[in-house]
Structure formats: structure tokens, C-alpha cells
Amino acid sequence: AACPAVVLLMAAEEIKGVVFTQYEGEQQLKFIQKLIEKDLSEPYSIFTYRYFLNNWPKLCFLAWSGKECIGTIVCKLDRHKNGKNRGYIAMLAVEKSHRKRGIGSKLVKMAIKVMVEMKADVVVLETEITNKGALSLYANLGFVRDKRLHKYYMNGVDAFRKKLWLTSPSPHDSH
């Protein structure tokens, strides 16, 4: 498992023919929606997207091949009830024809880099237990399985909550 320092160093890696940008505003929302709706099992309303994008625009990135948006990550950072600053990866999607090129990993690394700058202690996410690609991507970045969430998604599939500690966890930090 990669430690956070290694993850941050790897964020600088280049991927041939792909340009990465931070979210710049509402005009990019349609690209994000199109990718997410194609890939993720959960339907999100426009208000869900705006909640994340308007409150944490620095934690959203897009990957471009020419004028085509081929990847995106949407995140947030807030203080958890345990007092820790908790980053959250809400959405990650890469166009099927561009997978296995490191684009998803680079998007996650870029978001984590900003979370570290914003003093995050931990990063959490949920992913379907059947999503082998996502499970592998997050495991390679050092995320560990926290718990299984029974019938978490609307389609009835269970989820794994995954965590990446950026600071040392306290003994009572299991959730």
C-alpha cells in the first residue's frame, strides 16, 4: 500500500494525450454529469452536483483528451463528528475507452494532494463490492477496507467503505 507521501509524488505523473484541469465553473457541469450518469449506478440530481461543485470546487478535477472530457472526480472536505478533517470522494468516473491508462488514479491523487493542503486527516469513499476496477484502484493507492454496507446502493448492491489515513488515526477512529 502506498503511503500518502508517495501518492503525492505520483500526482505529478504525465499521461500522454491527457490534460487535467481543476473545475472552473458551471459550464463544465454538463461534462461531469454525462460521465457520472453513464458510469455510476446512483442517479444524482443537479442539486447534488452543485452541492459538491459550489462548496468544494478545488476538489473537483476533469481529464480531457482534446475537447472531450474523459474523466472526472468530485469530492468534499469537512469536519467529521470525531473532530477529524475528513475528505470524501463522492464520484469518480473515466470513459470506458480510456480506462487502464492511470487516469482514475491520477484524478484521485490530484484530489488527495489538495485535501492534504487543506489539512485532511483521512479520505473516505464507498464503492460497490462488485466494482473490481475501483476496488483495485483504491487498494493500489493505499485505501483500506473499513466496513461493508449492506444494500447500500439503490440497485441493492452492497458497498465497501474504504479509508486512506493521511495522519495517524486515534485508537477510537474506526468510523
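In this report, we go over the structure that sits alongside the text. (Residues numbered from 1 in each chain as written. Predicted model: local features only at pLDDT ≥ 70, side-chain atom pairs only at ≥ 80, totals over all residues. Heavy atoms only, no water.)

The end-to-end C-alpha distance of helix H4 (residues 103-117), which contains 15 residues, comes to 21 Å, matching closely the 21 Å that a straight helix rising 1.5 Å per residue would cover. Counted residue by residue, H4 has 12 buried out of 15 residues, so it is predominantly covered. Along H4, the residues that are buried comprise Ile103, Gly104, Ser105, Lys106, Leu107, Val108, Lys109, Met110, Ala111, Ile112, Val114 and Met115. Lys119 lies just past H4 and shows a positive phi near 70 degrees. (Helix = DSSP H or I, 4+ residues; strand = E, 2+ residues; numbered from the N terminus. Expected span 1.5 Å × (residues − 1). Buried < 20%, exposed > 50% of the residue type's maximum accessible area, 1.4 Å probe, protein only.)

The element strand S7 (residues 159-165) is largely enclosed, with a buried count of 7 among its 7 residues. Of the two faces of S7, the one holding Ala159, Arg161, Lys163 and Trp165 and the one holding Phe160, Lys162 and Leu164 are both buried throughout. Of the strand pairs in this sheet, strand S6 (residues 144-149) and S7 are connected by 5 bridges, and their pairing is antiparallel. Paired with Arg148 across the strands is Phe160, a residue of S7. (Pairing = 2+ DSSP bridges.)

What follows is about helix H3 (residues 46-55). Of all the positions in H3, only Tyr49, Phe52 and Leu53 are classed as buried. Along H3, the residues classed as buried sweep out an arc of 90 degrees about the axis, all on the same side. Exposed positions of H3 whose direction lies more than 90 degrees from the buried face are Phe47 and Asn54. On its buried face, H3 is in contact with helix H2 (29-39), strand S2 (60-65), strand S3 (68-79) and strand S4 (85-94). (Arc of directions from axis to C-beta. Contact = heavy atoms within 4.5 Å.)

Before going further, it helps to spend a moment on the packing of H2 against H3. Across the interface, H2 lies against H3 with an axial gap of 11 Å and an inter-helix angle of 120 degrees. Between H2 and H3, the crossing angle belongs to the class labelled oblique. Every pair of crossing elements has a handedness; the one defined by H2 and H3 is right-handed. Contacts between H2 and H3 involve Leu29, Ile32, Gln33, Ile36 and Glu37 from the former and Ile46, Tyr49, Arg50 and Leu53 from the latter. For the contact of H2 with H3, the class distribution of residues is 6 nonpolar, 1 polar and 2 charged. (Axes fitted to C-alpha atoms, helices over the stretch in contact; angles between N-to-C directions. Parallel < 35°, antiparallel > 145°, perpendicular 65-115°, else oblique. Left-handed = near helix turned anticlockwise from the far one by under 90°. Nonpolar A, V, L, I, M, F, W, Y, C, P; charged D, E, K, R; others polar.)

Time to look at the packing of aromatic side chains. For any pair of aromatic rings, geometry is given as the distance between the ring centres together with the angle between the planes. Under the criterion given, the structure shown has 7 aromatic pairs. On the numbers, 6.0 Å between centres and 75 degrees between planes, the contact of Tyr44 with Tyr49 is edge-to-face. Relative accessible area serves as the criterion here: at 24%, Tyr44 is assigned to the partly exposed category. Aromatic pair Phe52 and Trp56: ring centres 6.2 Å apart, planes at 45 degrees, arrangement tilted. On the basis of relative accessibility, which here comes to 9%, the residue Phe52 falls in the buried class. Grouping aromatic residues by their ring pairs yields a cluster made of Tyr51, Phe52 and Trp56. When the ring centre of Phe160 is taken as reference, the NZ or CZ atom of Arg145 above it lies at 3.9 Å. (Phe/Tyr/Trp six-rings, centres within 6.5 Å; stacked < 30°, edge-to-face > 60°. Lys NZ or Arg CZ within 6 Å of the ring centre and 35° of its normal.)

Overall, mixed pairing links the 7 strands, which are arranged S1-S2-S3-S4-S5-S7-S6 in an open sheet. Of all strands in the sheet, those bounded by a partner on one side alone are strand S1 (19-22) and S6. Strand after strand, the sheet turns through a mean of 25 degrees between neighbouring axes, direction not considered. Where strand S5 (residues 122-128) lies against S7, 7 bridges are found, and the strand directions are antiparallel. If you follow Glu126 over to S7, its bridge partner there is Arg161.

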